[in-house]
Amino acid sequence: MKRRRTTLLGVTALLAAALALPAGPAGADEVELIQNGTFDTSSDPWWSSAGVTTAVEDGELCAAIPGGTANRWDAIVGHNDLTLQAGQTYRLSFSATGTPADHVVRAVVGLAVEPYDTYFEVSPQLSVSGNDYSYTFTAPADTARGQVAFQAGGSADAWKMCLDDISLVGGVPPEEYEPDTGPRVRVNQVAYLPNGPKNATLVTEATEALPWELRNAAGSAVARGRTVPRGTDASSGQNVHSVDFGSYRGGGKGFVLVADGETSRPFDISAEAYRKLRLDSLKFYYTQRSGQEIREDLRPGYGRPAGHVGVEPNQGDTEVPCLPGVCDYALDVSGGWYDAGDHGKYVVNGGISTWELLRTYERSLYARTGSPGALRDGTLAIPESGNKVPDVLDEARWELEFLLRMQVPAGQPLAGMAHHKIHDAEWTGLPLMPHLDPKKRELHPPTTTATLNLAATAAQAARLYKPYDKAFARKALNAARTAWRAALAHPDILPDPDDGIGGGAYPDTDASDEFYWAAAQLYLTTGDGEYERFVLKSPVHTADIWNPLGFDWQRTAAAGRLDLATVPNRLPGLRSVRASVVQGAEKYLTTLREHPYGMPYAPKDNVYDWGSNAQILNNAHVIATAYDLTGERRYRDGALQSLDYVLGRNALNISYVTGYGDVTSVNQHSRWYARQLDPSLPNPPAGTLSGGPNSSIQDPVAQSLLRGCTGQFCYVDDIQSWSTNELTINWNAALAWMASFAADQG
Ligand code: 9MR
């Protein structure tokens, strides 16, 4: 041990509050697991990986890290044979220096043996003068083969890392995580529309109405009123009041709302931000593209080489075999969008994402407030801009071409079906740029649900691309019809819920909603009696599909119903189809009115779903569609008000859209927007939605910080919290549709 004066950096800002808490109950049961973390005379039992030389220097363990390695785990200093207990809380602490400065070390506690599970990890950037680091986590499993490892590879140049006072203590009290939620007046931190609803929430102990004041950028009060006490909000556990300042019709930037001695974060009253968000939320897709270089001139700060085109170390998506025993051909399944923060590409999920983007475009053609020009050629700064095709269609086509490639070729068993997904044979760590992913890529078995996702979106594409590319429209329609017939012939080949190694499973136990969706799209495009009869006979057609959670990649009936209600067609009983959408909207409006945070989401038992932000936006989408159908203002206002929640009017006082609001999500789980792990990488681009609160907290970071969390609080903006803070193509599609709707109301 060397004596040094350092600052305790703690776990980054997010745990700062916890560190300020008094020490736990006497620490009597605390047990040190590390043998020799002080390096007074020797480095035993620490080991280092090949290429790393270590020496004890001045009471520290110093390691010469070679340059020119690709991954963090290419240069390791570690300690094995640790026994960890599931559910037990541990504190990992150490001090470290890095010379030259700014190199990153990935400190991992996990399994020392296959499958090398990570129980906890953190990646601080080291300084020359050194810092002390301390973190608390809860072990998710029992093992006697645990390990602490400091992974220091992945740097072009050689550097030196010195470690000291390494400690792993068991039996510590669990972390008390207290998020910094800022001022108690909660507003949409981005913008309210001048002619739209304006609502806010005040968190307070007060039970009687309080005065509020709206102030403009100059600090003058421009409106006043009184709050409405709402009691305890179940979704947050807080006592709250609501504020309605909708009677104010002025506009401008930099307003604040003041109540109970607190001043909200600033916001605009303007439609401008929504016109920008409409485009940014759609621009998100270009940077998710696989199989193509991302051009720095089109996305400054986000340029990168093409991923998975067969250039080493990638194995490429141009000739991908099936999992052993599934098929004996290989397919070119290059292109498409990466699903999320991983490098997988899934037909189920690619489907709903493509549908919602195409519906954003189709709404612009038919809705009373639609503005087709807003999505015209040249709006999204993509390589196809300038080809006279609306950019949103060019972007969606990138995915559609991939979906078509996933179809089983004629002459093969299950011809016409679609493979469920293609992804790595094993999960990879973070960060990892797409072009550096070395893992084997594999096609997974065809499923009925994937096949119907293909049928639905290819049929929808056939009508929308016809004016621009007749040959592509024909090709898409043929593929859709083929897929439809294949699905009818194999109606119950459902995805294996356990097929989740190296990629998501996207399981589903019921394909009747996918059948309905595909039949509806085929009918809307062709008018054929076969599809019409199927739609009319399907029990899904008349079922109440408007459940509290809303629609998503697994619950796709709405993707049929909403289009039947809004895309011109002559289906018998069309009136009741439209009426059913309005009934759904009424349900969600009732939820919204009863909710002190003004959102159309109140899941059963307050269990927030994985990706709750998108569920909320999709419920708002249903309300907005009721406005498109009826022109009634309450639906328009309800849909707009729902956006407030996602943009800051929430218990955490955070905007879940990067770049939109004063305090926003920026560390969404992604292998390439991994700035939190590697400062040379960017955060996600502006207009990226985070999944948001998820009561089931499946990842270790959420499990160590959020155990026992209430609804809205089940979220942390940490890159390793993949169950609360990922980005995905389907969630951004929900944002894009709603942003486009809002922009049209300006
Ligand atoms: O969004 C998906 C969520 O609804 C599921 O509950 C979860 C577990 O199956 O998977 C989510 O999807 C992930 C997918 O499996 C892999 N890519 C990232 C997706 C977002 O987290």
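Structure: above.
Positions within a chain are numbered from 1, following the residues in the order the chain's sequence is written. It should be noted that, the model being predicted, local features are given only for residues of pLDDT at least 70 and side-chain atom pairs only at 80 or more, the latter also being counted only at that level, while totals for whole chains, interfaces and linings use all residues. Calculation of side-chain values draws on the structure's entire complement of heavy atoms; hydrogens and water are dropped beforehand.

S.K.: Help me get a handle on helix α7 (residues 512-526), residues and values and all.
M.R.: Under the scheme used here, helices are H or I runs from DSSP no shorter than 4 residues and strands are E runs no shorter than 2 residues, and both carry numbers assigned from the N terminus. Here a helix's expected span is defined as the number of its residues, less one, multiplied by 1.5 Å. Spanning 15 residues, α7 covers 21 Å between terminal C-alpha atoms, matching the ideal 21 Å at 1.5 Å per step. Only protein chains enter the area calculation, which uses a 1.4 Å probe; residues under 20% of their type maximum are buried, those over 50% are exposed, and those in between are partly exposed. The element α7 is extensively covered by neighbouring structure, given that 12 of its 15 residues are classed as buried. Among all positions in α7, only Asp 513, Glu 514, Phe 515, Tyr 516, Trp 517, Ala 518, Ala 519, Ala 520, Gln 521, Leu 522, Tyr 523 and Leu 524 are buried. Buried residues along α7 sit in contact with α3 (347-366), α5 (448-465), α6 (470-489), α8 (529-537), α9 (539-542) and α10 (557-566). Among the residues trailing α7, Gly 527 stands out with phi positive, at a value near 70°. The contact criterion used is simple: two residues touch if any of their non-hydrogen atoms lie within 4.5 Å.

S.K.: Now, about empty space enclosed by the protein: what can you tell me, with residues and values included?
M.R.: A cavity, in this analysis, means grid points on a 1 Å lattice covering only the protein atoms where a 1.4 Å probe fits yet has no way out; a pocket is instead an open set bounded by protein on both sides within 12 Å along at least five of seven lines, and a residue lines either one if it has an atom within 4 Å of a point. Grid points are joined across faces, edges and corners, and a volume is the space filled by probe spheres set on the points. The full count for this structure, using the stated rule, is three cavities of 30 Å³ or more. Put simply, the largest cavity is a space of about 60 Å³. As for the largest cavity, its lining consists of Asn 188, Ala 191, Tyr 192, Leu 193, Pro 197, Tyr 274, Leu 640, Gln 641, Leu 643, Asp 644 and Ala 742. Among the elements that take part in the lining of the largest cavity, helix α13 (residues 633-646) stands out by supplying four residues, more than any other. Under this grouping Gly is polar, as are all residues other than the nonpolar Ala, Val, Leu, Ile, Met, Phe, Trp, Tyr, Cys and Pro and the charged Asp, Glu, Lys and Arg. Residue composition of the lining of the largest cavity, grouped by class: eight nonpolar, two polar and one charged.

S.K.: Give a description of the nonpolar core that names residues and reports values.
M.R.: As a rule of thumb, soluble globular proteins bury nonpolar side chains together. Only buried residues count toward a nonpolar core, which is a set of Ala, Val, Leu, Ile, Met, Phe, Trp, Tyr and Cys residues joined through side-chain atoms within 4.5 Å. Of all hydrophobic cores here, the largest spans 153 residues; its most connected members are Tyr 274, Tyr 465, Leu 564 and Met 738. Broken down by element, this core gets its largest block of residues, 12 residues, from helix α15 (residues 729-744). Ignoring sequence-local partners within four residues, the contact set of Leu 564 consists of Tyr 516, Ala 520, Tyr 523, Leu 524, Val 535, His 541, Asn 569, Leu 571, Leu 574 and Val 577. Residues Trp 46, Tyr 119, Leu 126 and Met 161 belong to the second largest nonpolar core, which totals 36 residues.

S.K.: A description of the site of the ligand should follow, citing residues and the corresponding values.
M.R.: By convention in these notes, a residue is near a molecule or strand provided one of its non-hydrogen atoms lies within 4 Å of it. Looking at the ligand, the residues that line it are Asp 339, Ala 340, Asp 342, Tyr 346, Gly 504, Tyr 506, Trp 553, Trp 610, Glu 726, Thr 728 and Trp 731. The contact in question runs from an oxygen atom of the ligand to an N or O atom on the side chain of Tyr 506, over 3.3 Å. Looking at the shell around the ligand residue by residue, the classes come out as six nonpolar, two polar and three charged. Each polar contact in these results corresponds to two N or O atoms within 3.5 Å; when the atoms are within protein, one needs to be able to donate a hydrogen and the other to accept it, and residues that are neighboring in sequence are counted only if both atoms are side-chain atoms.

Taken by themselves, the reported measurements are silent on function.
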